[in-house]
Amino acid sequence: HREFLDKGEKYWNNWRETHLSIRPDLSGEDLSGKAFKGYDFERCNFSNTSLQGSHFEECNLSDAILSGSEASRAAFVKCNGPGVSFKDAELDEAS
């Protein structure tokens, strides 16, 4: 679902609203250094995704899967995330 993500926050969130039954799959993607503000990542699969130095602000990460992701130096600011899974994620210097 990377093609929807690359179109920006408004497009992504509109797509999410109209496709509630789909669990977005961004597994294995390289999202290093990207900035995300206000994105709805609920139930999103970020397994084994490179998130190094990425910045998430005011994002919904509820029930997202970040297992095995490389998220060192990633920032999660004012994010909502009950049920998020960081199992085996690399979180060095993440905040």
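Note that the coordinates shown come from a computational prediction; the quantities given were computed from them, not determined experimentally.

## Observations regarding the overall build of the chain
Piece 1. Scanning the chain from terminus to terminus reveals 2 helices and 3 strands.
Piece 2. Reading the helices (α) and strands (β) of the chain from amino to carboxyl end gives α-α-β-β-β.
Piece 3. Relative to the globule expectation of 12 Å for 95 residues, the C-alpha radius of gyration of the chain, 12 Å, shows essentially globular dimensions.
Piece 4. Each principal axis of the C-alpha atoms in the chain carries an extent, and together these give about 35 × 25 × 20 Å.
Piece 5. Per-residue burial over the chain gives 39% buried out of 95 residues.
Piece 6. Considering only contacts in the chain between residues 6 or more positions apart, those separated by 24 or more positions represent 13%.
Piece 7. By element, 44% of the accessible surface of the chain is carried by carbon and sulfur atoms, the whole surface being about 5000 Å².
Piece 8. Taken together, the 11 basic and 17 acidic charged side chains of the chain have centroids lying 4 Å from each other.

## Considerations on the confidence of the model for the chain
Piece 1. In the predicted model, the chain carries a mean pLDDT of 95, and 100% of its residues have values of at least 70.
Piece 2. Between the elements of the chain, mean pLDDT differs from a low of 95, seen in strand E3 (residues 75-77), to a high of 98, seen in strand E1 (residues 35-37).

## Regarding the pattern of salt bridges
Piece 1. Taken as a whole and assessed by the stated rule, the structure comprises 3 salt bridges.
Piece 2. In this structure, Asp6 and Arg2 form a salt bridge, with 2.8 Å as the shortest nitrogen-oxygen distance.
Piece 3. For the salt bridge of Arg2 with Glu29, the shortest nitrogen-to-oxygen distance reads 3.1 Å. Of this pair, Arg2 sits in helix H1 (residues 2-5) while Glu29 sits in the loop between helix H2 (9-18) and E1; the two residues are 27 residues apart in sequence, bridging distant segments of the chain.
Piece 4. Take Arg2: its relative accessible area is 18%, and that puts it in the buried class.
Piece 5. Take Glu29: its relative accessible area is 24%, and that puts it in the partly exposed class.
Piece 6. When salt bridges that share partners are traced, they join Arg2, Asp6 and Glu29 into one network.

## Considerations on the environment of Asp30
Piece 1. Within the element layout of this structure, Asp30 appears in the loop between H2 and E1.
Piece 2. Polar contacts involving the side chain of Asp30 include one to the side chain of Ser32, which spans 2.7 Å.

## What about the environment of Leu91?
Piece 1. The residue Leu91 is located in the segment after E3 in this model.
Piece 2. With a relative accessible area of 34%, Leu91 lands in the partly exposed category.
Piece 3. For the pair Leu91 and Leu51, spaced 40 residues apart in sequence, the C-alpha separation works out to 9.7 Å.
Piece 4. Apart from the residues within four sequence positions on either side, Leu91 is in contact with Ala71, Ser72 and Phe86.

Rules used throughout
- Residues numbered from 1 in each chain as written.
- Predicted model: local features only at pLDDT ≥ 70, side-chain atom pairs only at ≥ 80, totals over all residues.
- Heavy atoms only, no water.
- Helix = DSSP H or I, 4+ residues; strand = E, 2+ residues; numbered from the N terminus.
- Rg over C-alpha atoms; globule rule 2.2 N^0.38 Å.
- Buried < 20%, exposed > 50% of the residue type's maximum accessible area, 1.4 Å probe, protein only.
- Contact = heavy atoms within 4.5 Å.
- Areas by Shrake-Rupley, 256 points an atom, 1.4 Å probe, with all protein chains shown as cover.
- Lys, Arg positive; Asp, Glu negative; His and termini not counted.
- Charge placed at Lys NZ, Arg CZ, Asp CG, Glu CD.
- pLDDT = per-residue confidence, 0-100.
- Salt bridge = Lys/Arg side-chain N within 4 Å of Asp/Glu carboxyl O.
- Polar contact = N/O pair within 3.5 Å; in protein donor to acceptor, adjacent residues only side chain to side chain.

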